[in-house]
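Chains, contacts and geometry: an overview
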Amino acid sequence: MLCCSFSPQRLKQCAAGALLLWLGMAVCAFAQVKPKTTNFDGILYGVSYYHEYMPYERLEQDVQLMGKAGVTVVRLGESTWSSWEPRDGVFEFAWMERIINRLHKAGIKVILGTPTYSIPPWLYKKHPEILLTRLGGQKAFYGPRQNMDITHPRYRFYAERVVRQVVGHFKDHPAVIGYQIDNETSSREAAGPNVQAQFAEYLKRKFKTAGELNRQWGLAYWGQLLNDWEELPPRDGILNPGYKLEWERFQQQLATDFLAWLAALVNEYKRPDQFITHNFVGGVRTDIDEYEIARHLDIAAVNPYHDVQDRLDGLGPSLSGDLCRSLKGSNYLVTETNAQTIGWDSKTQFPPYDGQLRLNVYSHLASGADLVAYWHWHSLHYGQETYWKGVLSHDLEPNRAYEEVRRVAAELKRIGPRLAHASKSHQAALLYSVDSFQGIHFMPFDDKVDYLTVLHQLYRTLYRLNVGTDFIFPQTPDLGAYKLIVVPPLYVADDALLSRLVEFVRGGGHLLLTFKSGFTNQHSTVRWQMMPGPLRQACGFRYQEFSNLRRPLALKGDPYQAGAENAVSAWAEFLLPETATGLAYYNHPFFGKYPAITRNKFGKGTVTYEGTVLSDKLQEMVLRDVLQAAGLSGPDQELPSPVRVKHSTGNSGKPLHFYLNFSGATEICRYRYASGIELLSGQPVANSRELSLEPWGVAIVEER
């Protein structure tokens, strides 16, 4: 046991450091961390493990079972601040030393978490002021995790102390290969007086003068002009779109700065062979800026939970994986995913069918994961997550899931070195703009359709058409690597981003744009040019009017042969072609004079524009047409509907082709690439040979 305390002077220094963070952002201003891979020859396959939660002593038994199952890495420590520091300034390490030493003896690697996302009761009792205050003055309670203000100087003081103690103690342990900073972090909607004051400082740095803020936000409206910064009203009750958008950016920056601060602390201790990661919640996040956070990580990680049984289609993990991989343009880690059933109650207890755990592992690897780890090793007997089951059930004995994990681990031991650190190169990308989500959220156009519904529809269509897809961001420096960029409604964008898209098309790229793109600038202020603003020449049309649609409309003549789904809905822009060609028109006595979908040749490329919301079938047919125009169509688009294929280049330089059967029936598909070896069976595969995929089955072909 080690006892230490920080002096009052140190606490003042910490508070001053927190203030400095907002005045200069100096703590976070180091350069982007270059992507790196895990220092491991094969695929990491593991679990989260909480021996401290066990109802009886069983460390030896657990580690033996892990060894027999083929577990190669264990994630530890991120939820255990009160075990590391049971009393203020009193640190205990022996309990974790015993666990890590035993794992090391078994040859199992460790990812160690900083225990900063759940504060101990003694800290709450001593400093209740560190709990969140949200908009409207709503105070957080003690009980849930992630209930603290991550900007509060007193929280930062204690968080820094425990991180330095834990990482400093274990930094030289040979089992520790990396550190996870915090857990699924966001600002948690912090909005107390201290946060409001920080927001004012943020605005001063960005806009320089109150007059510039007045101009950009249009505060002459309703007579809300500011004379100086002291008059800035708090966020509560604000309706101005520019204010609300900037507040959301500020909230995202709170999380970025916090994680950058933690990364800087850990970097003071970690060895060159160790990595820093953070585990993002799966899916598309709108409350954080994952791209900016990833700049401070060695490797990005994600926790993609998903449906199973008859609803397993691989879509959710694929989206999460493609997004996470795209953050740094390199492989990533799956730090949590389904083992058995999930849920904070017992309403969603759907265990996976036989073969689905295995299929999901290879799905993650096909998207670029170098680690797949389950949350968690063992099911809990108490607490909110009692029914979020681990590999072992509540009886803590080997079971059906354990046997499937053991099967997968044996396969990965054999072929993992051929799959690890595989690289991916895609020619299609989807542009994700969290600002556009926020802008449309503040000015919605429909009760059922928003930015994310269109984004998900576009990604889902690309996924089902077996089109390998990267995510790109407004900050992405190089668009020229792609032949096709697909853009959900780009409602908020500066002129520079729109100009880059125009130049992408001029240089020979193909762009699929959707409605509302280019409508407002970076401050959510409507442009005063003829719409679509800077995109007009490339799009080849103009418009001045738009309309909500009270009911779905058909397209005249069913131009895409969509049958019963020949319908659009929610929104219609009155497009007036200049150089563009109308591809589809509304079947309506008034709207019918305006095209719903257009295409324009511009420079060496094309812009296809959707001025309305398409049905799923229409979206598929339009994307098929755009893929063909971009030269991206091929045999992958003709596979049976439940079969997904993903492509990589192995670390040997040989192409890898992953065929994944998301169905409970045997599927037959034809292999259309150069001859090779199916790695799981060891059987040769020639071009045009049929592959038989068992229910929930996998085939991985490595070209010769």
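Just so it is clear, the model here is predicted, and its values are computed rather than measured. (Residues numbered from 1 in each chain as written. Predicted model: local features only at pLDDT ≥ 70, side-chain atom pairs only at ≥ 80, totals over all residues. Heavy atoms only, no water.)

Once that is clear, we can look at the packing of aromatic side chains. Per the stated rule, a full pass over the model turns up 44 aromatic pairs. Measuring from centroid to centroid gives 6.4 Å for F91 and F93, while their planes differ by 10 degrees, and the two rings are stacked. The residues F91 and F93 share a single accessibility class, namely buried. With 6.3 Å between their ring centres and 65 degrees between their planes, W377 and Y402 make a pair best called edge-to-face. Residue W377 is located in the loop between β10 (369-374) and α13 (400-419), and its partner Y402 is located in helix α13; the two are separated by 25 residues in the primary sequence. Residues W377 and Y402 agree in their burial class; the two are buried. Members of the aromatic cluster, connected to one another through ring pairs, are F199, Y202, F207, W217, Y243, W247 and F250. Stacked on the ring of W261, the Lys or Arg R156 has its end atom at 4.5 Å from the ring centre. Geometry around W571 places K516 over its ring, the cationic atom sitting 4.1 Å from the centre. (Phe/Tyr/Trp six-rings, centres within 6.5 Å; stacked < 30°, edge-to-face > 60°. Buried < 20%, exposed > 50% of the residue type's maximum accessible area, 1.4 Å probe, protein only. Helix = DSSP H or I, 4+ residues; strand = E, 2+ residues; numbered from the N terminus. Lys NZ or Arg CZ within 6 Å of the ring centre and 35° of its normal.)

Here we come to the environment of D257. Its location among the elements puts D257 in helix α9 (residues 241-267). Taking the C-alpha atoms as reference points, D257 and E184, separated by 73 residues in sequence, lie 14 Å from one another.

Okay, helix α8 (residues 210-217) next. Turning to α8, its buried residues are A210, L213, N214, Q216 and W217. Where α8 ends, the next residue or the one after it, G218, has phi of about 65 degrees, a positive value.

Another aspect to go through is the sheet that holds strand β6 (residues 176-180). Within a sheet, neighbouring strands are paired by backbone hydrogen bonds and run either parallel or antiparallel to one another. Overall, parallel pairing links the eight strands, which are arranged β2-β3-β5-β6-β7-β8-β9-β10 in a closed barrel. Pairs of neighbouring strands in the sheet enclose a mean axial angle of 30 degrees, with direction left out of account. Sheet topology note: the strand β2 (residues 44-48)/strand β3 (residues 73-76) ladder contains three bridges and is parallel. Bridge pairing links V47 to V74 in β3. (Pairing = 2+ DSSP bridges. Axes fitted to C-alpha atoms, helices over the stretch in contact; angles between N-to-C directions.)

Further remarks concern a nonpolar patch on the surface. A contiguous nonpolar surface patch, about 420 Å² in accessible area, is contributed by Y221, W222 and L239. By secondary structure assignment, the location of Y221 is in the loop between α8 and α9. (Patch = residues over 30% accessible without salt bridge, like charges linked within 9 Å, V, L, I, M, F, W, Y side chains within 5 Å. Areas by Shrake-Rupley, 256 points an atom, 1.4 Å probe, with all protein chains shown as cover. Salt bridge = Lys/Arg side-chain N within 4 Å of Asp/Glu carboxyl O.)

Once that is clear, we can look at the pattern of salt bridges. All told, the structure shown has 43 salt bridges when counted by the stated rule. The salt bridge partner of E403 is R406, with a shortest N-O separation of 2.7 Å. Of this pair, E403 and R406 both sit in helix α13, separated by three residues, roughly a single helical turn. Among the residues examined, R406 registers a relative accessible area of 35% and is labelled partly exposed. Residue R460 is joined to D616 by a salt bridge in which the shortest nitrogen-to-oxygen separation is 3.2 Å. In this pair, R460 sits in helix α15 (residues 451-464) while D616 sits in helix α18 (residues 616-629), placing the two residues 156 residues apart along the sequence.

With that settled, the discussion passes to the sheet that holds strand β11 (residues 428-431). Sheet architecture is open: seven strands sit in the order β12-β11-β13-β14-β21-β20-β19, paired in mixed fashion. What marks the edges here is a single partner per strand, and that holds for β12 (469-472) and β19 (581-585). Within the sheet, the average angular offset between the axes of one strand and its neighbour, ignoring direction, is 20 degrees. Pairing analysis gives four bridges linking β19 to strand β20 (residues 595-602), with the strands arranged antiparallel. The partner of Y585 across the bridge, within β20, is P595. On top of the sheet, α15 reaches β11, β12, β13 (484-487) and β14 (510-514); it is set at about 170 degrees to β11, its chief contact. Relative to β14, α18 is tilted by about 160 degrees, and along the sheet it contacts β13, β14, β20 and β21 (605-610). (Contact = heavy atoms within 4.5 Å.)

On to the environment of H296, then. Counting through the fold element by element, H296 comes out in the loop between α10 (290-294) and β8 (299-303). Exposure remark for H296: the relative accessible area of 7% places this residue in the buried category. Sequence separation of H296 and L576 is 280 residues, and the distance between their C-alpha atoms is 46 Å.

This brings us to α13. Three- or four-residue spacings in an α-helix give side chains the same orientation, since the helix completes a turn every 3.6 residues. At K413, α13 shows its largest kink, close to 55 degrees, and the proline P417 lies no more than four residues downstream. What α13 keeps buried is the set A401, Y402, E404, V405, V408, A409, E411, L412, I415, G416 and L419. Next to the buried residues of α13 lie β2, α2 (59-69), α12 (356-367), β10, β24 (655-661) and β29 (698-703). Between the side-chain oxygen at the start of α13 and the backbone nitrogen of A401 there is a gap of 3.2 Å, and the oxygen is on N399. Positive phi shows up at H421, right after α13, with a value of about 60 degrees. (Bend = angle between axes of the 7 residues up to and from the residue. Polar contact = N/O pair within 3.5 Å; in protein donor to acceptor, adjacent residues only side chain to side chain.)

Before going further, it helps to examine the nonpolar core. In this structure, L76, Y362, W377 and L419 are the most contacted members of the largest nonpolar core, which totals 206 residues. Element by element, the count of residues in this core is highest for α9, at 13 residues. Leave out the neighbours within four places in its chain, and Y362 touches V408, E411, L412, I415, L419, F658, L660, L680, V698 and I700. Counting eleven residues, the second-largest nonpolar core is a separate cluster that includes C669, L691, L693 and A699. (Core = buried A, V, L, I, M, F, W, Y, C linked by side-chain atoms within 4.5 Å.)

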